[in-house]
Each structure stands twice: as C-alpha cells, then as structure tokens.
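What follows is the residue order along each chain.
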Amino acid sequence: MRKFHLTKKQIYWILHITGWSGMAIAAILNNVIVVNSSLATQVPKQFIGALIGIIASHAYKLLVLKPAVFNLSPYKIVLHAVVAVIVISSLMALFSNFVVLLEFIDAPQYFSFFGFLIWVINFGIFVAPWVILYFIYKIFERNKRIMEQKMELQILTQVTELELLKTQLNPHFLFNALNSVKALIQFNNRLAAEALNKLGELLHFSLSYQKMQAISLKEEIAEVDKYLTIEKIRFGERLHYEFDIAQETFEAKVPPAIILTLAENAIKHGIAQLENGGLIRIESTCQGNWITVKVYNSGELKTKKINGIGLINIQKRLENLFGSSFEFKIKQLKEGLVEASIHYPLHLVSGLSTTAEGNTSIVRPI
C-alpha cells in the first residue's frame with residue numbers, strides 16, 4: 001500500500017487555514033455565549049475576518065518575511081516578529097474597515113484613529129500567538145539545519161583525516177618491510193625470494209585496507225603473521241613470536257593495520273636493538289562489550305610518550321573512530337619487557353563494514 005506523505009507546502013496551508021478557522025470559531029462561541037450576540041451575524045463576520053487574516057499573513061510571508069531574517073541576531077528576529085504582528089494586524093483592520101464600509105456586516109457608523117487602534121489590538125491578540133509559533137518553528141528548523149550541516153562537515157572531516165592517516169601509514173609500512181627484504185638479498189637469495197612472496201601478499205593488503213574502516217581481528221592477525229614471517233627470515237633465531245588470540249575475539253572488528261603497526265614498532269625499537277633478539281607476543285581478550293589487544297616485546301622503553309609516525313597514527317585513528325571511548329598505552333611492564341595495549345568497546349565498531357577477501361587462519365606460537 002502506497003504511503004501518503006504531505007509536503008511542507010501542504011502542511012503550511014492546512015495549519016494556516018485550520019488555525020485561522022479555529023480562531024474564528026472561538027470568537028463566534030465567545031460572542032454568542034458570553035456577549036449574547038446573534039449567531040447569524042457572528043458567523044460571516046468572524047469567517048470574513050479569518051479570510052482576511054489568511055490573506056494578510058500569507059502576503060506578509062511572501063513579500064516581507066524572507067528566509068534571511070532567521071539568520072539575524074536574536075534581537076533582530078524578535079524585532080521582526082513584533083513588526084509582523086503590527087503589520088498583519090493593521091492590514092486586517094484596514095480590510096475589515098473596508099468590508100464595514102461596504103456594509104457586508106453590522107458595524108458602528110463612525111470610525112476614528114482610536115477605534116482603528118482598538119481593531120489592531122483585537123486582531124493582534126489573535127495574530128501574535130501564530131506569529132510566535134511560526135517564528136519558533138523557523139528558528140528550530142534553521143538550528144536543526146545548522147546542526148545537520150555541522151555533523152556532515154564533522155563526519156566529512158573525520159573521514160578525510162582517516163584516509164590521510166591511512167595513506168600516510170602505507171609508505172611507512174612499506175619502507176620498513178622493504179628494508180627487511182633488502183637486508184636479506186645481501187646474504188641469502190632464497191630467503192629473499194620467500195620474503196618477497198610474503199611482501200607481495202602484504203602489498204595487496206596495504207593497498208586494500210585504505211578502503212576499509214575495519215576488518216576482523218582474525219584477518220588482521222593473519223597479516224601480522226605474514227609480516228613477522230618476513231622479519232623471522234631476516235632475524236633468524238634472534239626473533240621468536242607467538243599469538244594467543246581468544247576465540248571469542250576472532251570476528252571482533254579492528255581498524256586495519258593497527259596491530260601490524262604495533263608489531264613493526266616492536267621490531268624496530270625492541271628486537272632490532274637487542275644483540276640476542278627477543279620475543280614478540282600478541283594476545284587478545286574480550287570482557288563484556290570491551291576488547292583488549294596487547295603486544296609484548298623484549299626491550300626497554302626509551303620514552304613514555306607516544307611518538308613516531310606509526311604510533312601517532314594509531315592514536316589519531318582511534319580518536320576518530322571511538323572518540324574518547326578507548327585506551328592506548330605503551331609502558332615498561334618489567335625490566336626487558338614492553339607492553340603496548342589497545343582497549344576499546346566492541347559496540348562502537350559493530351556497524352563498520354569489512355571488504356577484505358579470502359579466508360584467514362589464526363597462527364599458533366612459533
């Protein structure tokens with residue numbers, strides 16, 4: 001069944017005619033019951049007045065009350081409302097006096113400035129509430145439109161910033177990975193070829209994740225495994241890594257390349273700085289509606305501040321996606337062990353889409 005929707009113009013005329021007709025009926029009942037006037041006299045008199053009100057108020061709206069009025073300061077908007085009441089009431093009084101002169105209705109036989117002023121005040125009592133309601137509606141509509149525009153601008157700004165951040169992260173990631181392959185080429189071509197194959201898969205991911213807002217944790221860990229496999233070829237026995245990914249977090253959404261960046265950071269500032277290398281451990285847990293991902297690496301934390309392109313990038317992306325509803329910390333857990341952790345609510349990313357292709361698997365300790 002087709003739904004029936006009224007346009008703004010239709011709603012305007014329905015309210016306009018209903019409102020003035022309602023006031024005419026109220027005036028008829030008041031004069032007939034309280035003042036004891038004749039019903040036959042009051043009906044044409046009040047409905048002619050209502051018709052004059054419809055014509056006068058609509059004419060004022062078309063000729064005087066422009067949309068730009070509601071962009072003025074509150075003081076000027078109030079001034080326009082007062083002027084509107086006076087102008088519409090005066091027009092109604094003039095039209096009514098003209099009708100009287102034509103003797104369409106019973107009326108006094110003389111007119112004066114004081115009498116005309118009484119007409120204006122009487123009509124003003126009816127006009128003022130409708131002018132106030134109309135102005136309130138237009139101000140509310142304008143504020144709503146401004147808020148919608150601000151929200152659209154804010155969303156556009158956030159999306160643009162996210163795209164810029166992901167574009168910035170892509171060359172940073174490739175630079176580190178290519179350095180690893182370059183080091184391999186110098187002493188082992190076979191391992192270099194194996195690393196290049198893994199790098200090709202990572203390149204595909206790095207190009208595709210710029211189009212995603214979020215991917216499953218399972219997919220992210222699979223890419224981290226590829227990266228650490230390349231680094232394992234490079235570092236040999238100096239690098240050991242393992243994963244402890246809780247099964248209930250497999251399908252949890254995570255911003256793409258976030259954990260990959262933490263793994264890069266662990267290699268660059270941890271393992272690469274140690275003569276005997278060390279361990280990287282990545283784990284995830286889920287408690288209620290919150291997920292926590294931790295990356296441990298052997299090494300010493302040189303500064304407690306989050307700096308460097310990769311880590312600053314993570315911080316900004318998390319802020320854009322989750323506002324203040326997240327925690328990202330890097331700390332020295334104990335001597336020789338650094339912990340980086342991300343803690344965020346699942347429900348804030350439940351609606352994000354993922355466009356990654358292919359099946360992935362969770363790797364076990366290596």
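Structure: above.
As the structure is a prediction and not an experimental result, all values here were calculated from the model.

Engineer: Quick question: what am I supposed to make of the pairing of strand S5 (residues 290–298) here?
Structural biologist: Both faces of the sheet carry side chains from a regular strand, because those side chains alternate between them. Summarising burial for S5: seven of the nine residues are buried, a large majority. Here eight bridges tie strand S4 (residues 278–287) to S5, and the two strands are oriented antiparallel to one another. If you follow glutamate 283 over to S5, its bridge partner there is lysine 294. Where S4 hands over to S5, the hairpin turn is made up of two residues, of which glycine 288 adopts a positive phi near 65°. As defined by bridge partners, S5 adjoins strand S7 (residues 337–345) across nine bridges and the pair is classed as antiparallel. Looking at S7, one finds that valine 293 is bridged to isoleucine 342.

Engineer: Just checking my understanding: could you explain helix H1 (residues 8–33) for this structure?
Structural biologist: Each α-helix turn comprises 3.6 residues. Residues three or four places apart therefore point the same way. For H1, with 26 residues, the first-to-last C-alpha span of 37 Å sits near the 38 Å given by 1.5 Å per residue. Looking at H1, one finds that the buried residues are Tyr12, His16, Gly19, Trp20, Met23, Ala24, Ala27, Ile28 and Asn31.

Engineer: Looking at this structure, how should I read helix H7 (residues 258–269)?
Structural biologist: For H7, with twelve residues, the first-to-last C-alpha span of 17 Å sits near the 16 Å given by 1.5 Å per residue. In terms of burial, H7 is largely enclosed, as nine of its twelve residues are buried. For H7, the complete set of buried residues consists of Ile258, Ile259, Leu260, Thr261, Leu262, Ala263, Glu264, Ala266 and Ile267.

Engineer: When you look at the nonpolar core in this model, what are you seeing that I'm missing?
Structural biologist: Where a protein is soluble and globular, its nonpolar side chains tend to be buried together. In terms of nonpolar packing, the biggest core is built from 50 residues, with Leu228, Ile259, Ile280, Ile282 and Phe328 touching the most fellow members. Among the elements that line this core, the one with the most residues is helix H6 (residues 217–235), at eight residues. Apart from residues lying up to four places away in sequence, isoleucine 259 is in contact with Leu217, Glu220, Ile221, Val224, Val254, Ile282, Val293 and Val295. Core analysis: the second largest hydrophobic core is formed by 23 residues, Ile54, Val85, Phe123 and Val127 among them.

Engineer: What is the right way to look at the pattern of salt bridges in this model?
Structural biologist: Where charged atoms from two side chains of opposite charge come close, those side chains can pair. Counted by the stated rule, this structure contains six salt bridges. The partner of glutamate 242 in a salt bridge is arginine 281, with the nearest N and O atoms 2.4 Å apart. Taken together, the residues span a long stretch of sequence, with glutamate 242 in strand S2 (residues 239–245) and arginine 281 in strand S4 at a distance of 39 residues. Connected through shared salt-bridge partners, Glu242, Asp244, Arg281 and Glu283 make up one network.

Engineer: Got a minute to help me understand unusual backbone geometry in this structure?
Structural biologist: In this structure, alanine 257 is a non-glycine residue whose phi angle is positive, near 75°. Along the chain, alanine 257 falls in the loop between strand S3 (253–254) and H7.

Engineer: It is not clear to me how a nonpolar patch on the surface should be interpreted in this structure. Could you clarify?
Structural biologist: Taken together, the side chains of Ile25, Leu29, Ile33, Val34, Val35, Leu39, Val43 and Phe47 define a hydrophobic patch exposed on the protein surface, amounting to about 740 Å² of accessible area. Mapping valine 35 onto the fold places it in the loop between H1 and helix H2 (39–63).

Engineer: Quick question: what am I supposed to make of the sheet that holds S4 here?
Structural biologist: Backbone-to-backbone hydrogen bonds pair the strands of a sheet. The strands run either parallel or antiparallel. The mixed open sheet is built from five strands, whose spatial order is S2-S4-S5-S7-S6. What marks the edges here is a single partner per strand, and that holds for S2 and strand S6 (327–334). For this sheet, the mean angle separating the axes of adjacent strands, direction not counted, is 15°. Against the sheet, H6 engages S2, S4 and S5, with an angle of about 170° to S2.

Engineer: So what exactly am I meant to see when it comes to the side chain of glutamate 223 here?
Structural biologist: Within the fold, glutamate 223 resides in helix H6. Judged by its relative accessible area of 8%, glutamate 223 falls in the buried class. Ignoring anything within four residues of it in the chain, the contact list for glutamate 223 reads Glu201, Leu202, Phe205 and Leu260.

Engineer: Explanation requested: the packing of aromatic side chains in the structure shown.
Structural biologist: Given two aromatic rings, their pairing is described by the distance between the two centres and the angle made by the two planes. Following the criterion strictly, the structure yields two aromatic pairs and no others. Seen in terms of ring centroids, tyrosine 241 and phenylalanine 243 are 5.9 Å apart; in terms of plane orientation they differ by 85°. Their pairing is edge-to-face. Since its relative accessible area comes to 2%, tyrosine 241 is described here as buried. Residues phenylalanine 322 and tyrosine 344 carry aromatic rings whose centres are separated by 5.0 Å and whose planes lie at 10° to one another, so their mutual orientation is stacked. With phenylalanine 322 in helix H8 (residues 309–322) and tyrosine 344 in strand S7, this residue pair connects regions lying 22 residues apart in the sequence. We classify phenylalanine 322 as buried; its relative accessible area is 4%. Given a relative accessible area of 1%, tyrosine 344 falls into the buried group.

What counts, and where the lines are drawn
By convention here, each chain's residues receive numbers from 1 onward along its written sequence. Local features are withheld for residues below a pLDDT of 70 in this predicted model, meaning they are given only at 70 or higher, and side-chain atom pairs are given and counted only at 80 or more; totals for whole chains, interfaces and linings count all residues. Calculation of side-chain values draws on the structure's entire complement of heavy atoms; hydrogens and water are dropped beforehand. For each residue, the accessible area found with a 1.4 Å probe, counting protein chains only, is set against the maximum for its type, and the residue is called buried under 20%, exposed over 50%, and partly exposed in between. Only DSSP runs of H or I with at least four residues qualify as helices, and only runs of E with at least two residues qualify as strands; both kinds are numbered from the N terminus onward. Paired strands, as defined in this entry, are two strands with at least two bridges between them according to DSSP. Here, expected helix span is obtained from the residue count minus one, scaled by 1.5 Å. Definition used in this section: a nonpolar core is a set of buried Ala, Val, Leu, Ile, Met, Phe, Trp, Tyr and Cys residues joined via side-chain atoms within 4.5 Å. Contacts are residue-level and defined by heavy atoms, with any inter-residue pair within 4.5 Å sufficient. Definition used for salt bridges: Asp or Glu carboxyl oxygen within 4 Å of a side-chain nitrogen of Lys or Arg. Like-charged residues are merged into a patch within 9 Å and nonpolar side chains (Val, Leu, Ile, Met, Phe, Trp, Tyr) within 5 Å, provided each residue has over 30% relative accessible area and no salt bridge. All accessibility values rest on the Shrake-Rupley procedure with a 1.4 Å probe; residue burial counts only the protein chains present in the view. In this analysis an axis means a line fitted to C-alpha atoms, helices contributing only their contacting stretch, and an angle means the value between N-to-C directions, from 0 to 180 degrees. For this analysis, a ring pair means two rings from Phe, Tyr or Trp (six-membered ring only for Trp) whose centres lie within 6.5 Å, classed as stacked if their planes differ by under 30 degrees, edge-to-face if by over 60, and tilted for the remaining angles.

The values are spatial; any link to function lies outside them.
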